[in-house]
Amino acid sequence: MAFNLKTFLSIFISVCLVSSHFANRCLCSSPTYFVNGGGFAPALGTWYGDPNGAGSGGACGWADDVRLPPFSSMIAAGNANIFLQGKGCGECYQIKCSREPYCSGNPITVTITDECPGACNDVPFHFDLSGAAFGAMANPGQADNLRNLGQVDIQFQRVACNYGRTNIAFKIDPGTNPNWFATRIEFVEGDGGLRSVEIAPAGTQEFVPMNNIWGAVWVANIDLSFRGPYSFRLTSPINAVALAINAVPMDYVPGQTYFSNVNF
(Lines give C-alpha, C1' and ligand atoms only; values in the text may rest on other atoms or scores of the structure.)
Protein backbone atom coordinates (compact mmCIF):
# COMPACT_ATOMS: atom_id res chain seq x y z
CA MET A 1 0.00 0.00 0.00
CA ALA A 2 2.87 2.36 0.83
CA PHE A 3 4.48 1.70 -2.56
CA ASN A 4 1.23 2.40 -4.44
CA LEU A 5 0.69 5.66 -2.54
CA LYS A 6 4.26 6.77 -3.27
CA THR A 7 3.81 5.97 -6.95
CA PHE A 8 0.53 7.86 -7.07
CA LEU A 9 2.07 10.91 -5.40
CA SER A 10 5.02 10.87 -7.80
CA ILE A 11 2.72 10.79 -10.83
CA PHE A 12 0.45 13.45 -9.33
CA ILE A 13 3.36 15.83 -8.69
CA SER A 14 4.73 15.33 -12.24
CA VAL A 15 1.34 16.09 -13.79
CA CYS A 16 0.97 19.20 -11.62
CA LEU A 17 4.41 20.46 -12.63
CA VAL A 18 3.66 20.06 -16.34
CA SER A 19 0.21 21.63 -15.98
CA SER A 20 1.59 24.56 -13.99
CA HIS A 21 4.44 25.03 -16.47
CA PHE A 22 2.19 25.37 -19.49
CA ALA A 23 -0.52 27.30 -17.67
CA ASN A 24 2.11 29.92 -16.89
CA ARG A 25 2.85 30.26 -20.62
CA CYS A 26 -0.58 31.74 -21.21
CA LEU A 27 -0.67 33.95 -18.13
CA CYS A 28 2.70 35.65 -18.45
CA SER A 29 3.05 39.41 -18.50
CA SER A 30 6.84 39.70 -18.72
CA PRO A 31 9.80 37.51 -19.72
CA THR A 32 10.70 36.98 -16.04
CA TYR A 33 7.96 34.36 -15.73
CA PHE A 34 10.03 31.98 -17.86
CA VAL A 35 12.70 31.47 -15.22
CA ASN A 36 10.49 31.96 -12.15
CA GLY A 37 7.46 29.97 -13.28
CA GLY A 38 6.48 26.34 -12.81
CA GLY A 39 10.04 25.01 -12.66
CA PHE A 40 11.39 21.89 -14.33
CA ALA A 41 9.06 19.22 -15.71
CA PRO A 42 9.82 15.70 -17.02
CA ALA A 43 10.36 14.83 -20.69
CA LEU A 44 12.24 12.40 -22.92
CA GLY A 45 15.46 13.41 -24.65
CA THR A 46 17.00 11.87 -27.76
CA TRP A 47 19.48 13.10 -30.37
CA TYR A 48 19.80 12.99 -34.15
CA GLY A 49 22.32 13.61 -36.90
CA ASP A 50 26.08 13.46 -36.41
CA PRO A 51 27.43 12.90 -32.87
CA ASN A 52 28.83 16.43 -32.75
CA GLY A 53 26.44 17.79 -35.37
CA ALA A 54 24.23 20.87 -35.40
CA GLY A 55 20.87 19.27 -36.11
CA SER A 56 18.51 21.11 -38.45
CA GLY A 57 16.43 24.24 -38.81
CA GLY A 58 14.27 22.65 -41.49
CA ALA A 59 10.72 22.84 -40.14
CA CYS A 60 11.26 26.42 -38.94
CA GLY A 61 12.91 27.56 -42.18
CA TRP A 62 16.38 28.24 -40.78
CA ALA A 63 18.17 25.40 -42.60
CA ASP A 64 21.90 25.29 -41.83
CA ASP A 65 21.90 28.57 -39.88
CA VAL A 66 21.69 26.40 -36.76
CA ARG A 67 25.42 25.64 -37.13
CA LEU A 68 26.37 29.28 -36.76
CA PRO A 69 26.30 31.73 -33.83
CA PRO A 70 24.20 32.53 -31.97
CA PHE A 71 22.46 29.13 -32.33
CA SER A 72 25.88 27.43 -32.36
CA SER A 73 24.34 23.93 -32.71
CA MET A 74 22.49 24.27 -29.37
CA ILE A 75 19.09 23.40 -30.81
CA ALA A 76 16.34 20.82 -30.56
CA ALA A 77 13.40 19.48 -32.51
CA GLY A 78 10.21 19.34 -30.47
CA ASN A 79 7.23 17.02 -30.63
CA ALA A 80 3.72 18.35 -31.24
CA ASN A 81 3.29 19.79 -27.73
CA ILE A 82 6.52 21.78 -28.13
CA PHE A 83 6.62 22.57 -31.86
CA LEU A 84 2.98 23.74 -31.77
CA GLN A 85 2.52 23.59 -35.57
CA GLY A 86 5.41 26.02 -35.97
CA LYS A 87 4.37 28.47 -33.25
CA GLY A 88 7.06 26.96 -31.04
CA CYS A 89 9.84 27.92 -33.46
CA GLY A 90 12.40 30.08 -31.67
CA GLU A 91 11.28 29.28 -28.13
CA CYS A 92 14.08 28.52 -25.67
CA TYR A 93 14.31 25.84 -23.01
CA GLN A 94 16.70 24.80 -20.31
CA ILE A 95 17.25 21.04 -20.37
CA LYS A 96 19.18 18.80 -18.00
CA CYS A 97 19.59 15.13 -17.21
CA SER A 98 20.65 13.37 -14.01
CA ARG A 99 21.47 9.80 -15.01
CA GLU A 100 24.76 8.77 -13.42
CA PRO A 101 27.59 8.67 -14.29
CA TYR A 102 26.81 10.28 -17.63
CA CYS A 103 24.88 13.46 -16.87
CA SER A 104 26.27 16.56 -15.23
CA GLY A 105 22.89 17.73 -13.94
CA ASN A 106 23.70 21.24 -15.17
CA PRO A 107 21.08 22.77 -17.49
CA ILE A 108 21.88 23.66 -21.08
CA THR A 109 19.81 26.12 -23.13
CA VAL A 110 18.46 25.14 -26.55
CA THR A 111 16.28 26.82 -29.17
CA ILE A 112 13.45 24.98 -30.93
CA THR A 113 14.36 24.98 -34.63
CA ASP A 114 12.70 21.84 -35.99
CA GLU A 115 9.88 19.34 -35.50
CA CYS A 116 10.15 15.78 -34.23
CA PRO A 117 7.07 13.96 -35.62
CA GLY A 118 5.80 10.39 -35.43
CA ALA A 119 7.04 8.34 -32.48
CA CYS A 120 8.17 11.50 -30.70
CA ASN A 121 4.51 11.98 -29.84
CA ASP A 122 4.34 8.69 -27.91
CA VAL A 123 5.19 10.75 -24.81
CA PRO A 124 3.76 14.13 -23.80
CA PHE A 125 7.03 16.06 -24.20
CA HIS A 126 9.96 14.92 -26.33
CA PHE A 127 13.08 16.91 -27.26
CA ASP A 128 15.18 15.50 -30.10
CA LEU A 129 18.44 17.38 -29.65
CA SER A 130 21.35 17.93 -31.98
CA GLY A 131 24.27 15.62 -31.24
CA ALA A 132 26.25 18.59 -29.94
CA ALA A 133 23.47 19.71 -27.58
CA PHE A 134 22.82 16.19 -26.27
CA GLY A 135 26.52 15.76 -25.50
CA ALA A 136 26.58 19.12 -23.72
CA MET A 137 24.44 17.62 -20.92
CA ALA A 138 27.23 15.17 -20.05
CA ASN A 139 29.90 15.11 -17.42
CA PRO A 140 33.44 15.73 -18.75
CA GLY A 141 34.55 12.76 -20.82
CA GLN A 142 31.06 11.21 -20.86
CA ALA A 143 29.53 12.84 -23.97
CA ASP A 144 29.99 9.81 -26.24
CA ASN A 145 28.78 7.44 -23.53
CA LEU A 146 25.69 9.57 -23.01
CA ARG A 147 24.96 9.63 -26.74
CA ASN A 148 25.43 5.86 -26.87
CA LEU A 149 22.41 5.52 -24.58
CA GLY A 150 20.29 6.88 -27.45
CA GLN A 151 17.75 8.40 -25.10
CA VAL A 152 17.59 9.65 -21.54
CA ASP A 153 14.98 11.04 -19.18
CA ILE A 154 15.38 14.80 -18.94
CA GLN A 155 13.85 17.78 -17.20
CA PHE A 156 12.96 20.99 -18.99
CA GLN A 157 11.69 24.48 -18.37
CA ARG A 158 10.88 27.37 -20.66
CA VAL A 159 13.26 30.34 -20.39
CA ALA A 160 13.65 33.68 -22.11
CA CYS A 161 15.88 33.63 -25.20
CA ASN A 162 19.07 35.65 -24.98
CA TYR A 163 21.42 35.90 -27.96
CA GLY A 164 23.82 38.43 -26.51
CA ARG A 165 24.63 41.21 -28.97
CA THR A 166 22.76 39.60 -31.89
CA ASN A 167 19.72 41.50 -33.16
CA ILE A 168 16.66 40.24 -35.01
CA ALA A 169 17.53 39.09 -38.54
CA PHE A 170 15.49 38.79 -41.73
CA LYS A 171 16.53 36.01 -44.10
CA ILE A 172 14.89 36.73 -47.45
CA ASP A 173 13.14 33.73 -48.97
CA PRO A 174 14.67 32.64 -52.31
CA GLY A 175 11.21 32.83 -53.91
CA THR A 176 10.70 36.51 -53.05
CA ASN A 177 9.79 38.72 -56.03
CA PRO A 178 8.28 42.19 -56.67
CA ASN A 179 4.78 40.81 -56.00
CA TRP A 180 5.45 38.47 -53.11
CA PHE A 181 7.77 39.19 -50.18
CA ALA A 182 8.75 36.41 -47.78
CA THR A 183 11.26 36.35 -44.95
CA ARG A 184 12.38 33.93 -42.25
CA ILE A 185 12.76 35.84 -38.99
CA GLU A 186 15.58 34.73 -36.70
CA PHE A 187 17.16 35.38 -33.29
CA VAL A 188 14.11 36.82 -31.52
CA GLU A 189 14.93 37.35 -27.86
CA GLY A 190 12.57 37.18 -24.89
CA ASP A 191 9.60 34.98 -25.74
CA GLY A 192 11.35 33.75 -28.89
CA GLY A 193 8.17 33.67 -30.95
CA LEU A 194 6.06 36.30 -32.70
CA ARG A 195 2.33 36.94 -32.50
CA SER A 196 2.26 39.26 -35.50
CA VAL A 197 4.56 40.88 -38.04
CA GLU A 198 3.81 43.95 -40.17
CA ILE A 199 5.81 45.47 -43.01
CA ALA A 200 6.00 49.06 -44.28
CA PRO A 201 7.60 50.41 -47.48
CA ALA A 202 10.20 53.16 -47.69
CA GLY A 203 9.44 56.51 -46.10
CA THR A 204 6.15 55.55 -44.42
CA GLN A 205 4.75 54.16 -41.20
CA GLU A 206 1.87 52.51 -43.10
CA PHE A 207 2.35 48.99 -41.86
CA VAL A 208 0.45 46.13 -43.48
CA PRO A 209 0.07 42.68 -41.86
CA MET A 210 2.15 39.70 -42.94
CA ASN A 211 0.97 36.08 -42.77
CA ASN A 212 2.85 33.30 -40.99
CA ILE A 213 2.60 30.52 -43.59
CA TRP A 214 4.87 27.96 -41.86
CA GLY A 215 7.60 27.81 -39.25
CA ALA A 216 9.24 31.21 -38.90
CA VAL A 217 8.33 32.29 -42.46
CA TRP A 218 6.24 35.46 -42.84
CA VAL A 219 4.88 36.69 -46.18
CA ALA A 220 3.07 39.66 -47.71
CA ASN A 221 1.51 40.19 -51.12
CA ILE A 222 2.91 43.45 -52.49
CA ASP A 223 3.15 45.32 -55.81
CA LEU A 224 5.74 47.39 -57.65
CA SER A 225 4.83 50.53 -55.69
CA PHE A 226 5.72 48.79 -52.42
CA ARG A 227 9.46 49.48 -52.42
CA GLY A 228 12.22 49.21 -49.86
CA PRO A 229 13.96 49.77 -47.66
CA TYR A 230 11.41 47.84 -45.63
CA SER A 231 10.59 48.39 -41.98
CA PHE A 232 8.91 45.86 -39.69
CA ARG A 233 6.73 46.05 -36.61
CA LEU A 234 7.05 42.84 -34.62
CA THR A 235 4.75 41.90 -31.74
CA SER A 236 5.60 39.11 -29.33
CA PRO A 237 3.05 36.77 -27.71
CA ILE A 238 3.25 38.91 -24.56
CA ASN A 239 2.51 42.06 -26.64
CA ALA A 240 6.01 43.52 -26.53
CA VAL A 241 6.68 45.52 -29.71
CA ALA A 242 9.93 46.00 -31.62
CA LEU A 243 10.30 48.38 -34.58
CA ALA A 244 12.96 47.36 -37.09
CA ILE A 245 13.30 50.49 -39.23
CA ASN A 246 14.82 50.14 -42.72
CA ALA A 247 15.92 46.60 -41.85
CA VAL A 248 15.84 45.25 -45.42
CA PRO A 249 17.37 47.46 -48.14
CA MET A 250 15.72 48.39 -51.42
CA ASP A 251 18.23 46.30 -53.37
CA TYR A 252 17.86 43.19 -51.19
CA VAL A 253 19.04 39.86 -52.56
CA PRO A 254 16.83 36.76 -52.12
CA GLY A 255 18.61 34.24 -49.93
CA GLN A 256 20.59 36.86 -48.04
CA THR A 257 20.21 37.71 -44.35
CA TYR A 258 19.83 41.28 -43.09
CA PHE A 259 20.25 42.21 -39.44
CA SER A 260 18.15 44.92 -37.81
CA ASN A 261 19.33 47.17 -35.00
CA VAL A 262 16.69 45.99 -32.49
CA ASN A 263 15.61 43.06 -30.36
CA PHE A 264 13.16 42.50 -27.52
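To be clear, the structure that these remarks concern was listed above.
Let us look at the structure shown here.

## Observations concerning the sheet that holds strand S14 (residues 241-248)
Read from one edge of the open sheet, four strands run S10-S9-S13-S14, paired in antiparallel fashion. Each having just a single partner strand, strand S10 (208-209) and S14 make up the two edges of the open sheet. Pairing of strand S9 (residues 196-200) with S10 involves two bridges; the strand directions are antiparallel. Directly across from isoleucine 199, in S10, lies its bridge partner valine 208.

## Details of the state of the cysteines
Structurally, a disulfide amounts to a covalent bond that connects the sulfur atoms of two cysteines. The final tally for this structure, using the stated rule, is four disulfides. Cysteine 60 shares a disulfide with cysteine 89; S-S distance 2.0 Å. Here cysteine 60 and cysteine 89 share a disulfide; its torsion about the S-S bond, -90°, makes the bridge left-handed. Residue cysteine 60 is found in the loop between strand S1 (41-48) and strand S2 (75-78), and its partner cysteine 89 is found in the loop between helix H3 (80-83) and strand S3 (92-97); the two are separated by 29 residues along the sequence. Each member of the pair, cysteine 60 as well as cysteine 89, is classed as buried. Shown here for the protein chain is a disulfide pattern of 1-2, 3-8, 4-5, 6-7, where each number marks a bonded cysteine counted in sequence order.

## Quick word on a nonpolar patch on the surface
On the surface, a nonpolar cluster with roughly 240 Å² of combined accessible area is contributed by Val241, Leu243 and Ile245. Relative to the elements of secondary structure, leucine 243 occurs in strand S14. Residue leucine 243 is classed as partly exposed on the basis of its relative accessible area of 38%.

## Regarding unusual backbone geometry
Of note, the amide linkage connecting proline 69 to proline 70 takes the cis form, showing an omega dihedral of 5°. With a phi close to 45°, alanine 63 is a non-glycine residue in the positive phi region. Mapped onto the secondary structure, alanine 63 falls in the loop between S1 and S2. The exposure class assigned to alanine 63 is partly exposed, which follows from its relative accessible area of 36%.

Criteria and cut-off values
Residues numbered from 1 in each chain as written. Predicted model: local features only at pLDDT ≥ 70, side-chain atom pairs only at ≥ 80, totals over all residues. Heavy atoms only, no water. Pairing = 2+ DSSP bridges. Helix = DSSP H or I, 4+ residues; strand = E, 2+ residues; numbered from the N terminus. Disulfide = S-S within 2.5 Å. Buried < 20%, exposed > 50% of the residue type's maximum accessible area, 1.4 Å probe, protein only. Patch = residues over 30% accessible without salt bridge, like charges linked within 9 Å, V, L, I, M, F, W, Y side chains within 5 Å. Areas by Shrake-Rupley, 256 points an atom, 1.4 Å probe, with all protein chains shown as cover. Salt bridge = Lys/Arg side-chain N within 4 Å of Asp/Glu carboxyl O.

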